[in-house]
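Read off the chains here:
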Amino acid sequence: MGTIKIDDVEHQIDDLTDVVKIKVSRMHEIQNQMNAMNRELAELQVVFQAYVNAIRDDMKASEGDGDS
């Protein structure tokens, strides 16, 4: 199954108790969720910045039209 490093010591996951294996498995699931959330946050930041840029462009365009 692999290894896990705790306090700078490598442990074979197959050698751990079933209770610890369940916790390690859940830890991996949580890490995957965190990675997905970080990707989603990065995407949202790009979209947010696109709106900021669009608003800036719209405001510059309306200033040039004399609509202010």
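Note that the structure is a prediction, hence the values are computed from the model and not measured. (Residues numbered from 1 in each chain as written. Predicted model: local features only at pLDDT ≥ 70, side-chain atom pairs only at ≥ 80, totals over all residues. Heavy atoms only, no water.)

1. Focus on the overall build of the protein chain
Helices and strands together make up the secondary structure of the protein chain, namely one helix and two strands. Taken over the C-alpha trace, the protein chain has a radius of gyration of 24 Å; the compact-globule value for 68 residues is 11 Å, which it surpasses by more than 25%. Overall size of the protein chain, expressed as C-alpha extent along the three principal axes, is 75 × 20 × 15 Å. Scored against the burial criterion, the 68 residues of the protein chain give a buried share of 6%. For the protein chain, the distance from the average site of its 7 positive side-chain charges to the average site of its 14 negative ones is 6 Å. (Helix = DSSP H or I, 4+ residues; strand = E, 2+ residues; numbered from the N terminus. Rg over C-alpha atoms; globule rule 2.2 N^0.38 Å. Buried < 20%, exposed > 50% of the residue type's maximum accessible area, 1.4 Å probe, protein only. Lys, Arg positive; Asp, Glu negative; His and termini not counted. Charge placed at Lys NZ, Arg CZ, Asp CG, Glu CD.)

2. Some points on the pairing of strand E1 (residues 3-6)
Looking at chain direction, E1 and strand E2 (residues 9-12) are connected through four bridges and run antiparallel. In the strand pairing of E2, threonine 3 is matched with glutamine 12. The antiparallel hairpin formed by E1 and E2 contains two residues in its connecting segment, where aspartate 7 sits at a positive phi of about 50°. (Pairing = 2+ DSSP bridges.)

3. Here's the deal with a nonpolar patch on the surface
A contiguous nonpolar surface patch, about 430 Å² in accessible area, is contributed by Val47, Tyr51, Ile55 and Met59. Tracing the chain through its elements places valine 47 in helix H1 (residues 18-65). (Patch = residues over 30% accessible without salt bridge, like charges linked within 9 Å, V, L, I, M, F, W, Y side chains within 5 Å. Areas by Shrake-Rupley, 256 points an atom, 1.4 Å probe, with all protein chains shown as cover. Salt bridge = Lys/Arg side-chain N within 4 Å of Asp/Glu carboxyl O.)

4. Describing the pattern of salt bridges
For the structure shown, the criterion picks out one salt bridge. Between arginine 26 and glutamate 29 there is a salt bridge whose closest N-O contact spans 3.0 Å. Of the two residues, arginine 26 and glutamate 29 both sit in helix H1, three residues apart, roughly one turn of that helix. Here arginine 26 falls in the partly exposed class, since its relative accessible area comes to 40%.

5. Some thoughts on unusual backbone geometry
Although it is not a glycine, aspartate 7 sits at a positive phi angle of roughly 50°. Relative to the elements of secondary structure, aspartate 7 occurs in the loop between E1 and E2. Even without being a glycine, aspartate 8 presents a positive backbone phi close to 65°. Here aspartate 8 shows up in the loop between E1 and E2. Residue class for aspartate 8 comes out exposed when judged on its relative accessible area of 68%.

6. Re the environment of valine 19
Relative to the elements of secondary structure, valine 19 occurs in helix H1. When the C-alpha atoms of valine 19 and glycine 2 are compared, they prove to be 16 Å apart, with 17 residues separating the residues in sequence.

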